[in-house]
Amino acid sequence: MKDPYRVIKNPITTEKAVRLMESENKLIFIVNNDSSKKDIKDAVEKVFKVKIIKVNTLITPKGLKKAYITLSPETPALDVATQLGLI
């Protein structure tokens, strides 16, 4: 398993990201371009101790890899964002 702190680079805190946290229970992170969905899922579960339902990834026009992470209903995304100091 890869080091979780090498997989996850930083969280996204835009208005859209906050709206997704509130409405769809999702978190958005910039991740290492070499990371697979499984690597991302394992890293986030290990670091934040949450259960993940789904991971979607996207390569931005700037060449960064974004991961949209859907959390299980038992763990609200806002709680994780508060733990990170985003909100």
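Each remark here, short or long, concerns the structure printed above.
Attention in this report is confined to the structure presented alongside it. Because the structure is a prediction, the values reported are computed rather than measured.

**Comments concerning the nonpolar core**
Counting residues in hydrophobic clusters, the biggest one holds 20 residues, and the most contacted among them are Phe29, Ile40, Val44, Phe48, Ile69 and Leu71. Mapped by element, the contributors of at least two residues to this core are strand 2 (26-31), helix 3 (37-48), strand 3 (52-59), strand 4 (65-71) and helix 4 (77-84). Ranked by residues supplied to this core, first place goes to helix 3 with 5 residues. Contacts of phenylalanine 48, omitting those with residues within four sequence positions, involve Ile8, Phe29, Val80, Gln83 and Leu84. Listed in part, the 6 residues of the second largest apolar core include Ile12, Leu20, Ile28 and Tyr68.

**Here we look at helix 3**
With 12 residues, helix 3 extends 16 Å between its outermost C-alpha atoms, agreeing within 8% with the 16 Å of an ideal straight helix rising 1.5 Å per residue. Those residues of helix 3 not exposed but buried are Ile40, Ala43, Val44, Val47 and Phe48. Along the axis of helix 3, the buried residues cluster in a sector spanning 95°; they form a single face. Buried residues belonging to helix 3 abut helix 1 (4-7), strand 1 (8-11), strand 2, strand 3, strand 4 and helix 4. A positive phi of about 55° marks lysine 49, the residue just after helix 3.

**Re the pairing of strand 3**
In the sheet, strand 3 pairs with strand 4 via 7 bridges, with the strands oriented antiparallel. Note on strand 4: the bridge partner recorded for leucine 58 is lysine 66. In this structure, the hairpin formed by strand 3 and strand 4 is closed by a connection of 5 residues, where glycine 63 is found at a positive phi of approximately 90°.

Cut-offs used in this document
Residues numbered from 1 in each chain as written. Predicted model: local features only at pLDDT ≥ 70, side-chain atom pairs only at ≥ 80, totals over all residues. Heavy atoms only, no water. Core = buried A, V, L, I, M, F, W, Y, C linked by side-chain atoms within 4.5 Å. Buried < 20%, exposed > 50% of the residue type's maximum accessible area, 1.4 Å probe, protein only. Helix = DSSP H or I, 4+ residues; strand = E, 2+ residues; numbered from the N terminus. Contact = heavy atoms within 4.5 Å. Expected span 1.5 Å × (residues − 1). Arc of directions from axis to C-beta. Pairing = 2+ DSSP bridges.

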